[in-house]
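Observations on the model geometry
Take a look at the letters that make up each chain.
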Amino acid sequence: MSKIGRNDPCWCGSGNKYKKCHLDFDRKLSTFRGMGAEVPTHGLIKTPAQIQGIKESAKINIAVLDYVAAHIKAGVTTEEIDQWVYQETVKRGGIPAPLHYEGYPKSVCTSIDNVVCHGIPSPDRVLKEGDIINVDCSTELNGYFSDSSRMFCIGEVSPEKKRLVEITKQSLSVGLEHVKPWGFLGDMGSAINEFATANGYSVVRDIGGHGIGLAFHEDPWVSYVSLPGTEMLMVPGLCFTIEPMINMGTYEIYEDEDDGWTIYTEDGQPSAQWEIQVVVTEDGYEILSY
Ligand code: MF3
Ligand code: CO
């Protein structure tokens, strides 16, 4: 693998000698690789300086979602939410990462009821009592990316939908219990799937989370229906999203043929999603964006 000398500066940019820095770490990675594990490349492991940059970006992302939380209500259009997100992001020096991302036309995704994700804000969609909506915000600041989403219940919502929103939120805590160095992403994914299934729901399989930090979407792809001991090995500095989409009915979904973005549940039943961004630390994890 790496032909770096023991006394050379470490690849991580710490300025320390390799032997005092990531040498033991790399040996451990090699052992896991030898056992057939999927291990992260060095490029996916964020340095302390990069994590600091991501945190600055995430501060904006959190503030924007806080703004949405304080203002969202029946009578507001999803277009207005898009304008809030654009204005609140830009005034803090950030760029809404979704805007023009692979041709996406807006600054935020707004996904209501049977829309699973990637709903496009529109002046024609007025929020009404009983809606459940996911607002998914992503920010770029100085080349660092953050991404998180929250659910909002508009006015009085049916107990069934309220429970879906709550269980989906709880599933993040269930998954987080398994986020630690030298565990596997599949440990986290399977915990979420078991929790959702035990509560009578299903987890979307075809869309997942992702690595993030120096780009909006990086490796690894993150599943929430995976098996323990599978998927990528978690190591300190790995940064990714936990963003399960949990459906009241079938996990099957389809994409809107006309706009090429909106994802719906196949059976028309509601779907919920919460998203946080985490970094693996020496002894567990830190939540960067929520
Ligand atoms: N924010 C979404 C995610 O969690 C990505 C949306 S891509 C967009 O990964 F273009 F629709 F914004
Ligand atoms: Co995401």
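Up top is the structure these notes are about.
Quick caveat: nothing in here was measured; it's all calculated off a predicted structure. In every chain, residue numbers begin from 1 and rise along the written sequence. Following the order in which they are written, the chains are lettered starting with A and the ligands numbered starting with 1. Only residues with pLDDT of 70 or above have their local features reported here, since the model is predicted, and side-chain atom pairs are shown and tallied only from 80 upward, although totals for entire chains, interfaces and linings are computed over all residues. Note that the side-chain values use all heavy atoms of the structure and ignore hydrogens as well as water.

For the rest of this paragraph, the subject is unusual backbone geometry. Cis geometry is adopted by the peptide bond preceding P220, which originates at D219 and carries an omega value of 0 degrees. Looking at the element boundaries, P220 is found in strand β8 (residues 218-222). The residue H118 is not glycine, and still its phi comes out positive at about 60 degrees. Going along the chain from the N terminus, every DSSP run of H or I of four or more residues is numbered as a helix, and every run of E of two or more is numbered as a strand. In this fold, H118 is placed in the loop between β3 (115-117) and β4 (132-141). Positive phi, normally seen in glycine, also occurs at E231, with a value near 70 degrees. Counting through the fold element by element, E231 comes out in the loop between β8 and β9 (239-242).

Take the sheet that holds strand β13 (residues 271-273) next. Read from one edge to the other, the open sheet built from three strands follows the order β6-β10-β13, with strand pairing classed as antiparallel. The strands lining the two open edges of the sheet, one partner per strand, are β6 (202-203) and β13. Strand pairing is assigned whenever DSSP identifies at least 2 bridges connecting the two strands. Across three bridges, strand β10 (residues 245-247) lies against β13 in antiparallel orientation. Residue pairing for β13: N247 is matched across the bridge by S271. The strands that helix α4 (residues 159-176) touches are β10 and β13; relative to β13, the one it contacts most, it runs at about 35 degrees. Whether two residues are in contact is decided by their heavy atoms, any of which lying within 4.5 Å being enough. Axis definition: a line fit to C-alpha positions, over the contact stretch in the case of helices; interaxial angles, taken between N-to-C directions, run 0 to 180 degrees.

With that out of the way, let us pick up the coordination of the cobalt ion (ligand 2). Surrounding the cobalt ion (ligand 2) are the protein donor atoms D147 (OD), H210 (NE2), E243 (OE) and E275 (OE), which sit 2.1 to 2.3 Å from the metal. Any nitrogen, oxygen or sulfur atom within 2.8 Å of a metal ion counts as a donor, with the limit raised to 3.2 Å for Na, K and Ca, and since water is left out, coordination shells can look unfinished. Irregular is the label for any site that misses the other tests, which are tetrahedral for four donors with all angles between 85 and 135 degrees, and square planar for four donors or octahedral for six when opposite donors exceed 155 degrees and the remaining angles lie between 65 and 115. Here the cobalt ion (ligand 2) binds six donor atoms, and the angle range of 51 to 161 degrees at the metal identifies the geometry as irregular.

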